[in-house]
Amino acid sequence: MTPESIPPICVWLKRDLRVADHPALAEGVARARGGAVFAVFLYEPEVLAQPERDASHAAFERECLIDLEAALRSLGIRLVTRRGEAVAMFEQLRRETGFQLLVAHEETGTGVTYARDRRVRRWAREAGVEFLELPQTGVVRRLRSRNGWNRLWEARMEASRAVVPRSAGRGGLPSIARLATVGLLDCRGLGLPADTKDRQRGGERAAGEVLDDFVSRRGRHYSGGISSPLSAATSCSRLSPYLAFGAVSMRTVWQASEARRREVQASLLTATSPRERADLKAWQRSLKAVQSRLHWHCHFMQKLEDEPAIELHNMLRAADGLREAEVCPERLAAWQVGRTGYPLVDACMRSLVATGWLTFRMRALVVSFASYSLWLHWRPTGLFLARQFLDFEPGIHWSQLQMQSGTTGINTLRIYNPTKQAVEQDPRGVFIRRWVPELAGVPPAYVHMPWTMPVDVQRASGCVIGSDYPPPIVDHALAVREAKRRLAVVRNDHAARSEARGVAERHGSRRDRRGAMQQDPVRRTLGSGGTEIRKRKAAAADDRQQWLPFHAPDVPTTPSPGTEGDAP
Ligand SMILES: Cc1cc2nc3c(=O)[nH]c(=O)nc-3n(C[C@H](O)[C@H](O)[C@H](O)COP(=O)(O)OP(=O)(O)OC[C@H]3O[C@@H](n4cnc5c(N)ncnc54)[C@H](O)[C@@H]3O)c2cc1C
């Protein structure tokens, strides 16, 4: 066999749009042995038509592909794009190039991509093509039990990064050079409306810059700065869209944070000035907090990997029927456009639609408001949010939606009071006024509860309730009382409690060894201090921000990490 006649290797790029630390590309080049390697990205009609997709996703993806095409070229790998159904496209490419090995990453995606991957696997078997899928995060495929998962996650994060060498193979090069490509399609080319979001830029280079900036500068303010919408945009890492599209690997982010943590730790040993020590301590707290969240990323994705049905069905099936029949279109519409009459909820929704991002606590607030105050089912609200979140990641998204809606059976319920949150997180109404200009002239005393303004103040401030800005769509206190009553029916049901035990066994976080516990998001509740901390937390949640113990006390699990998702 001459080198030219050796079949090339095909690497299928999906949500791994980078070259650094890319196990599938590295494996493709390693396995080439004289054959060339080419990369394929598919514009699949069924994927593009998913109700979670937005033009902003397509535009961000294109920016990633622009970087990627150039980086691949410098590695001697051609990027070919095609538009069509995956199996049909791969069969066509196989005939054109004769490839016998297809390498991809293990995607934890939606039902559509899950079914598509199964079809590709079947096709590959029948066509005699080896289809190799490799992990790219801490998510473990075919996981038998959550016991020991933390250790697996850490081992993956601590492993060496997958370096992609330059492809020197020549086999199949002429056929690769002849391959037709549809290029890098923009929104118009994909038949989508224009992307109107004022959002983060895509690409591996941008991902690297955001990561560097975070670990060297912004990360100092992570702890304490991530809850308020005033500080969160700069205090948070802002890495989520890059992780979702694979423009940076989870391992790269983890290792960068770990390198910085070690550096800070070493500096603390020698630092003497109180100011410098305080600064380093702040860094230490922040890095610890962000590392927990990197862990949660995969912890939540693992739930969808283990049980794909949670994209569509309640994790606790005993919660079926709670909200399904009651989705009120007017309430849904008011929530979507930010006209509920609750200023912080409205400001968050409008800012999200405009920018594609919200910090965790504000995401939890808008979902809590939709699920408890408006009694909307998590699926329609979740689909709308998925379109708005530039970082839409199915495993995190649907797990969080269910968790914030009380349908998992294993999490402490957290019902946010929108007014209390507004007072705490935006005391002077700066964020509110920025996104709800109707309230710009409202005096500070009323900006969190504009419906309490006397009529003459309404007129003087240019904000008449009912014409310029809506009155509250529901009475939050009454609505929450009713929500609690309905949830109590499920909560007190014996069969539901027993089902919750199964959910905990399958999806609950574990604390199986000391090292793992240190990375365990619920580690602060461990040991002798755990009960005390839990008590203090419960006391801090006053009557207006309700906590409801959902499952029976004997359920053998700890609250899942997300319940403490915005703990500073
Ligand atoms: C209802 C709801 C839906 C969500 N949907 C998504 C989603 O589709 N995609 C997504 O990436 N995140 C989602 N999150 C989690 C979280 O809000 C975002 O990851 C975070 O706000 C992204 O900003 P950041 O990158 O600056 O995060 P940082 O606070 O800087 O955190 C760093 C990284 O840790 C991970 N992370 C942070 N918080 C969480 C969390 N609570 N659960 C899991 N991983 C976390 C993310 O990968 C994030 O990029 C959702 C949260 C809620 C309440």
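Given the structure is predicted, the values throughout are model-derived calculations rather than measurements.

Chemist: Explanation requested: the overall build of the chain in the structure shown.
Modeler: Counting its regular elements, the chain contains 25 helices and 7 strands. The proportion of buried residues among the 568 residues of the chain is 58%. For the chain, the share of sequence-separated contacts (at least 6 apart) that also reach a separation of at least 24 residues comes to 80%. Of the roughly 23,400 Å² of accessible surface on the chain, 54% is carried by carbon and sulfur atoms.

Chemist: Would you mind showing me how to read the side chain of Glu61 here?
Modeler: For Glu61, the position within the fold is in helix H3 (residues 55-74). Glu61 gets classed as buried once you look at its relative accessible area, which sits at 8%.

Chemist: What exactly am I supposed to notice about the packing of aromatic side chains here?
Modeler: The geometry of an aromatic ring pair is captured by the separation of the ring centres together with the interplanar angle, meaning the angle of the planes. A full pass over the atoms with the stated rule returns 14 aromatic pairs. Where Phe60 meets Tyr242, the ring centres are 5.5 Å apart and the plane angle is 50°; that geometry is what we call tilted. Of this pair, Phe60 sits in helix H3 while Tyr242 sits in helix H11 (residues 240-245), placing them 182 residues apart in sequence. As far as burial versus exposure is concerned, Phe60 and Tyr242 are alike and both buried. Between Arg363 and the ring centre of Phe389, over which it is positioned, the NZ or CZ distance is 4.0 Å.

Chemist: I'm lost on the environment of Gly395 in this one. Help?
Modeler: If you trace the backbone, Gly395 turns up in helix H18 (residues 394-403). Separated by 286 residues in the primary sequence, Gly395 and Gly109 have C-alpha atoms spaced 7.1 Å apart. In this view, Gly395 contacts Phe300, Met301 and Leu304; residues no more than four positions away in its chain are not counted.

Chemist: Would you mind showing me how to read the packing of helix H15 (residues 343-355) against helix H17 (residues 378-388) here?
Modeler: For any two helices packed against each other, the geometry comes down to the angle between their axes and how far apart the axes lie. Two elements in contact, H15 and H17, have axes whose closest approach is 8 Å; the angle formed by their N-to-C orientations is 45°. Taken as axis vectors, H15 and H17 run oblique relative to one another. Listed contacts from H17 to Met349, Leu352 and Val353 of H15 are Phe384, Leu385 and Gln388.

Chemist: What am I meant to see in the site of the ligand here?
Modeler: Close to the ligand lie 26 residues; Tyr222, Ser237, Arg238, His297 and Asp391 are nearest. A distance of 2.9 Å is found between a nitrogen atom of the ligand and a backbone nitrogen or oxygen belonging to Asp391. In the complex, 99% of the free accessible area of the ligand, which totals 820 Å², lies under the protein chains. Of all the elements in the fold, those that place two or more residues in the shell around the ligand are H11, helix H13 (274-306), helix H16 (360-373) and H18. Partitioned by chemical class, the residues of the shell around the ligand number 16 nonpolar, 5 polar and 5 charged.

Chemist: What is the right way to read the nonpolar core from this model?
Modeler: When a protein is soluble and globular, its nonpolar side chains tend to lie buried together. By size, the foremost hydrophobic cluster in this structure holds 69 residues, and its most contacted members are Leu13, Tyr43, Leu65, Leu72, Ile77, Leu79 and Tyr242. Considering each element in turn, this core owes the most residues, 9 residues, to H3. Not counting residues within four places of it along the chain, the set of residues in contact with Leu13 comprises His22, Ala39, Val40, Phe41, Leu68, Leu72 and Leu79. The next biggest cluster of nonpolar side chains, apart from the first, holds 43 residues, and it includes Phe431, Met453, Ile465 and Val474.

Chemist: Any chance you could explain the confidence of the model for the chain here in plain terms?
Modeler: Do not read the fine detail of predicted coordinates wherever pLDDT is low. For the chain, the average pLDDT comes to 89, and 89% of its residues sit at 70 or higher. The low-confidence segment residues 512-568 (pLDDT under 50) makes 132 contacts with residues lying over four places distant or belonging to another chain.

Chemist: I would appreciate a short explanation of the sheet that holds strand E1 (residues 9-13) in the present structure.
Modeler: As a general point, the strands of a sheet are linked pairwise by backbone hydrogen bonds and lie either parallel or antiparallel. Strand order in this open sheet of 5 strands is E3-E2-E1-E4-E5, and the pairing throughout is parallel. What marks the edges here is a single partner per strand, and that holds for strand E3 (78-83) and strand E5 (130-134). The mean angle between the axes of side-by-side strands here comes to 25°, regardless of whether they run parallel or antiparallel. Lying over the sheet, H3 contacts E1, strand E2 (37-43) and E3, oriented at roughly 170° with respect to E2.

Chemist: What am I meant to see in the environment of Ser249 here?
Modeler: For Ser249, the position within the fold is in the loop between H11 and helix H12 (250-270). Classification of Ser249 as buried rests on a relative accessible area of 2%. When the C-alpha atoms of Ser249 and Glu204 are compared, they prove to be 9.9 Å apart, with 45 residues separating the residues in sequence. Those residues within four positions of Ser249 in sequence are excluded, and the remaining contacts are Arg18, Asp21 and Leu243.

Chemist: Could you clarify how one ought to interpret helix H22 (residues 476-491) in this entry?
Modeler: Working note: α-helix, 3.6 residues per turn, so residues spaced by three or four point in the same direction. Between the first and last C-alpha of H22 there are 21 Å, a value that for 16 residues agrees with the 22 Å anticipated at 1.5 Å per step. Along H22, the residues that are buried comprise His476, Ala479, Val480, Ala483, Leu487, Ala488, Val490 and Arg491. Between a side-chain oxygen at the N-terminus of H22 and the backbone nitrogen of Ala477 the separation is 3.0 Å; the capping residue is Asp475.

Chemist: I would appreciate a short explanation of the environment of Phe300 in the present structure.
Modeler: The residue Phe300 is located in helix H13 in this model. The spacing of Phe300 and Ser509 is 209 residues in sequence and 9.5 Å in space, taken between C-alpha atoms.

Chemist: Would you mind showing me how to read unusual backbone geometry here?
Modeler: Most peptide bonds take the trans form, and the phi angle of most residues other than glycine is negative. Despite not being glycine, Arg238 shows a phi value in the positive range, around 65°. If you trace the backbone, Arg238 turns up in the loop between helix H10 (232-235) and H11. At Trp375, a position not held by glycine, the phi torsion is positive, near 55°. By the secondary structure assignment, Trp375 is in the loop between H16 and H17. Exposure remark for Trp375: the relative accessible area of 6% places this residue in the buried category.

Chemist: What exactly am I supposed to notice about H16 here?
Modeler: If you check H16, its first and last C-alpha atoms are 19 Å apart, about what 14 residues at 1.5 Å a residue would give, namely 20 Å. Judged by how many residues are buried, H16 sits mostly within the fold: 13 of 14 residues are covered. Backbone geometry just downstream of H16 places Trp375 in the positive-phi region, at approximately 55°.

Chemist: I tried to follow the pairing of E5 on my own but got confused; where do I start?
Modeler: Direction of pairing for strand E4 (residues 101-105) relative to E5: parallel, over a ladder of 5 bridges. If you follow Val103 over to E5, its bridge partner there is Leu132. Once you follow E4 into helix H5 (residues 111-127) and on to E5, the crossover reads as right-handed.

Chemist: I keep staring at the side chain of Arg199 and nothing clicks. Help me out?
Modeler: Residue position: Arg199 is located in the loop between helix H7 (173-178) and helix H8 (204-216). With relative accessibility at 8%, the residue Arg199 sits in the buried group. A polar contact of 2.9 Å, which involves the side chain of Arg199, links it to the side chain of Glu63. If we skip the residues at most four places from it in the chain, Arg199 touches Ser56, Ala59, Phe60, Glu63, Thr355 and Leu390.

Chemist: So what exactly am I meant to see when it comes to the pattern of salt bridges here?
Modeler: Once the charged atoms of two side chains with opposite charge are near each other, the side chains can pair. Overall, the coordinates contain 39 salt bridges when judged by the stated rule. The partner of Arg119 in a salt bridge is Glu85, with the nearest N and O atoms 2.8 Å apart. Placement of the pair is Arg119 in helix H5 and Glu85 in the loop between E3 and helix H4 (86-97), with a sequence separation of 34 residues. Take Arg119: its relative accessible area is 25%, and that puts it in the partly exposed class. Residues Arg261 and Glu258 are paired through a salt bridge, measuring 2.8 Å at the closest nitrogen-oxygen approach. Here Glu258 and Arg261 lie together in helix H12, a separation of 3 residues that amounts to about one turn. Each of Lys14, Arg15, Glu44, Glu107, Arg116, Asp117 and Glu393 takes part in salt bridges that share partners, so that together they form one network.

About the cut-offs
Residues numbered from 1 in each chain as written. Predicted model: local features only at pLDDT ≥ 70, side-chain atom pairs only at ≥ 80, totals over all residues. Heavy atoms only, no water. Helix = DSSP H or I, 4+ residues; strand = E, 2+ residues; numbered from the N terminus. Buried < 20%, exposed > 50% of the residue type's maximum accessible area, 1.4 Å probe, protein only. Contact = heavy atoms within 4.5 Å. Areas by Shrake-Rupley, 256 points an atom, 1.4 Å probe, with all protein chains shown as cover. Phe/Tyr/Trp six-rings, centres within 6.5 Å; stacked < 30°, edge-to-face > 60°. Lys NZ or Arg CZ within 6 Å of the ring centre and 35° of its normal. Axes fitted to C-alpha atoms, helices over the stretch in contact; angles between N-to-C directions. Parallel < 35°, antiparallel > 145°, perpendicular 65-115°, else oblique. Near = heavy atom within 4 Å. Polar contact = N/O pair within 3.5 Å; in protein donor to acceptor, adjacent residues only side chain to side chain. Nonpolar A, V, L, I, M, F, W, Y, C, P; charged D, E, K, R; others polar. Core = buried A, V, L, I, M, F, W, Y, C linked by side-chain atoms within 4.5 Å. pLDDT = per-residue confidence, 0-100. Pairing = 2+ DSSP bridges. Expected span 1.5 Å × (residues − 1). Right-handed = clockwise from strand over helix to strand, strands pointing away. Salt bridge = Lys/Arg side-chain N within 4 Å of Asp/Glu carboxyl O.

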